[in-house]
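Coordinates in review
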Amino acid sequence: MKGLTVLADENMPAVEALLGKQVRVIRKAGRSICHEDLSGVDVLLVRSVTRIDEELLAGSGVRFVGTATSGFDHVDRDWLSQQGIGFAHAPGSNSNSVVEYVLAAIAAIENCLERLLAGATVGIIGHGHVGSAVATCLRALGGNVRVFDPWLDQGCLTGACSLEAVLECDIISVHAELTSQQPWPSIHLLSHDQLGSLGTGQLLINASRGAVVDNQALLVALQRGAGPNVVIDVWEGEPEVDTELLALTQIGTAHIAGYSLDGKMLATRMLCDALVVGDLLPSLSQAETRAAEPLRLDATGLSSVSLIRQLIMMRYDIRQDDSLLREALDSATLGAFDRLRREYADRRELRGSELAISGLDDSRTQVLRALGCRISAAPLPL
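A brief structural summary. (Residues numbered from 1 in each chain as written. Predicted model: local features only at pLDDT ≥ 70, side-chain atom pairs only at ≥ 80, totals over all residues. Heavy atoms only, no water.)

All right, on to the packing of helix H12 (residues 304–315) against helix H15 (residues 362–371) then. Where H12 meets H15, the closest approach of the two axes is 10 Å, and the angle between their N-to-C directions is 35 degrees. Judged by the twist between their axes, the crossing of H12 over H15 is right-handed. Listed contacts from H15 to Ser304, Leu307, Ile308 and Leu311 of H12 are Ser363, Arg364, Val367, Leu368 and Leu371. Considered class by class, the residues forming the contact of H12 with H15 number six nonpolar, two polar and one charged. (Axes fitted to C-alpha atoms, helices over the stretch in contact; angles between N-to-C directions. Helix = DSSP H or I, 4+ residues; strand = E, 2+ residues; numbered from the N terminus. Left-handed = near helix turned anticlockwise from the far one by under 90°. Contact = heavy atoms within 4.5 Å. Nonpolar A, V, L, I, M, F, W, Y, C, P; charged D, E, K, R; others polar.)

Pasting the structure below:
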């Protein structure tokens, strides 16, 4: 539609390429978007850092809002519906990116990967698009997966159990939506009592929303010296980060678990497709994602653990993101957290990657399938 104006978060890739010359696209940092920016804007495309509500949109001409995220706790959908404003999100777009972040965390912490492949217990809190994808992958790699999600039909949920049973697991990965809705609100779902029950042999990963885990209670538990290994991607009070808590984590990152280029591109396309479905656009341009370079590896003599670690590192070094966050916060630069997200380097996913690999046997081929890799019919020279 000629004359359509779109305001988009600066961290969303390929908006201009997909919408084409038929649309005027304005870019702005998501946390800075305010009511005054919406003059003449028809469509608002955001990520999780922009609060969408009456205060932002009242009196504007915005007809459609899209969030390039699976979750939408930052969006007042009831108000949008009352105003007749269209809405779309991108469920599942970043699921595999988060799966691979969790895998990278497990592979980076002591012997957690070895324990996973040997059948360690894995607790998943929240079984939506992301949590279910994490459960499927870790189960395929040998983990004994338990799931806590009281909002779902327990009879249809493989491995359903209580929160207490999940908190007994060797590895606990949090993927709950942030909600205050009764009867199972998730705000501070893990607080003093729950966190105090965790021990030094466990690993706790939070890649959902910061406030699902009470950060002050977690700090207290870790200061006692008897808490679990901790990996945190999401922080209560973002973009502020509790540096005392960060100092006691094994890995801390800047809310980038779902930030793979593949996931962000998929989210953008899903929102742009929704504009076509909603008759705001006649069609999209044919933008294509650049294919990731094939991975070349000789697996001869590698154990399954070593193979997984090498493949993960070839696509993503989680320790580098940890170092970047610590260095940024040490510099005390204003806006350091958001700068890390804004300037985040392209990260490609392992799933769907083409492997030019030799020296495989059946057990390691099974591992590659669990990771979603494609093996070249005729492996390239290594």
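It is worth spelling out helix H9 (residues 215–223) at this point. Within H9, the full set of buried residues consists of Asn215, Ala217, Leu218, Leu219, Ala221 and Leu222. Those residues of H9 that are buried lie in contact with helix H8 (192–196), strand E9 (203–206), strand E10 (229–232) and helix H10 (243–248). If you check the start of H9, you find a side-chain oxygen 3.1 Å away from the backbone N of Gln216, and it comes from Asp214. The positive-phi residue at the C-terminal boundary of H9 is Gly225, with phi of around 85 degrees. (Buried < 20%, exposed > 50% of the residue type's maximum accessible area, 1.4 Å probe, protein only. Polar contact = N/O pair within 3.5 Å; in protein donor to acceptor, adjacent residues only side chain to side chain.)

Now for the packing of aromatic side chains. Considering all chains together, one arrives at four aromatic pairs under this definition. Relative to Trp184, the ring of Trp151 lies with its centre 5.1 Å away and its plane at 85 degrees, an arrangement referred to as edge-to-face. Here Trp151, found in the loop between strand E7 (144–148) and helix H7 (163–166), pairs with Trp184, found in the loop between strand E8 (171–174) and H8; they are 33 residues apart in sequence, far enough to count as distant. Take Trp151: its relative accessible area is 39%, and that puts it in the partly exposed class. The class of Trp184 is partly exposed, set by a relative accessible area of 40%. Lys264 extends its terminal NZ or CZ atom over the ring of Tyr259, reaching a point 4.4 Å from the ring centre. Taking the ring centre of Tyr316 as reference, the NZ or CZ of Arg347 above it sits at 4.2 Å. (Phe/Tyr/Trp six-rings, centres within 6.5 Å; stacked < 30°, edge-to-face > 60°. Lys NZ or Arg CZ within 6 Å of the ring centre and 35° of its normal.)

Time to look at the pattern of salt bridges. Using the criterion set out here, one finds 14 salt bridges in the structure. Salt-bridge contacts for Arg51 lead to Asp53; the nearest nitrogen and oxygen are separated by 3.5 Å. Note that Arg326 is salt-bridged to Asp322, the shortest N-O span being 2.9 Å. With a gap of four residues between them, Arg326 and Asp322 both fall in helix H13 (residues 318–330), about one helical turn apart. Overall, the relative accessible area of 21% leaves Arg326 in the partly exposed class. Judged by its relative accessible area of 7%, Asp322 is buried. (Salt bridge = Lys/Arg side-chain N within 4 Å of Asp/Glu carboxyl O.)

Nonpolar side chains in soluble globular proteins generally cluster together in the buried interior. Counting residues in each nonpolar core, the largest one holds 53 residues, and the members touching the most others are Ile106, Leu138, Leu141, Leu311 and Leu371. The element contributing the most residues to this core is helix H4 (residues 95–108), with nine residues. With residues up to four places along the chain from it excluded, the contact list for Leu371 reads Leu103, Leu141, Ile308, Leu311, Leu350 and Arg351. Leu198, Leu204, Ala217 and Leu219 belong to the second largest nonpolar core, which has 35 residues in total. (Core = buried A, V, L, I, M, F, W, Y, C linked by side-chain atoms within 4.5 Å.)

To continue, consider the pairing of E9. By the alternation rule, side chains of E9 split into Leu203 and Ile205 and Leu204 and Asn206, which are all buried. The sheet contact formed by E8 and E9 spans four bridges and is parallel. When the bridges of E9 are listed, Ser173 appears paired with Ile205. With four bridges joining them, E9 and E10 adopt parallel strand pairing. What sits directly across from Leu203, in E10, is Asn229. Handedness of the crossover is the feature at issue here: the chain leaves E9, passes through H9, returns alongside E10, and the resulting connection is right-handed. (Pairing = 2+ DSSP bridges. Right-handed = clockwise from strand over helix to strand, strands pointing away.)

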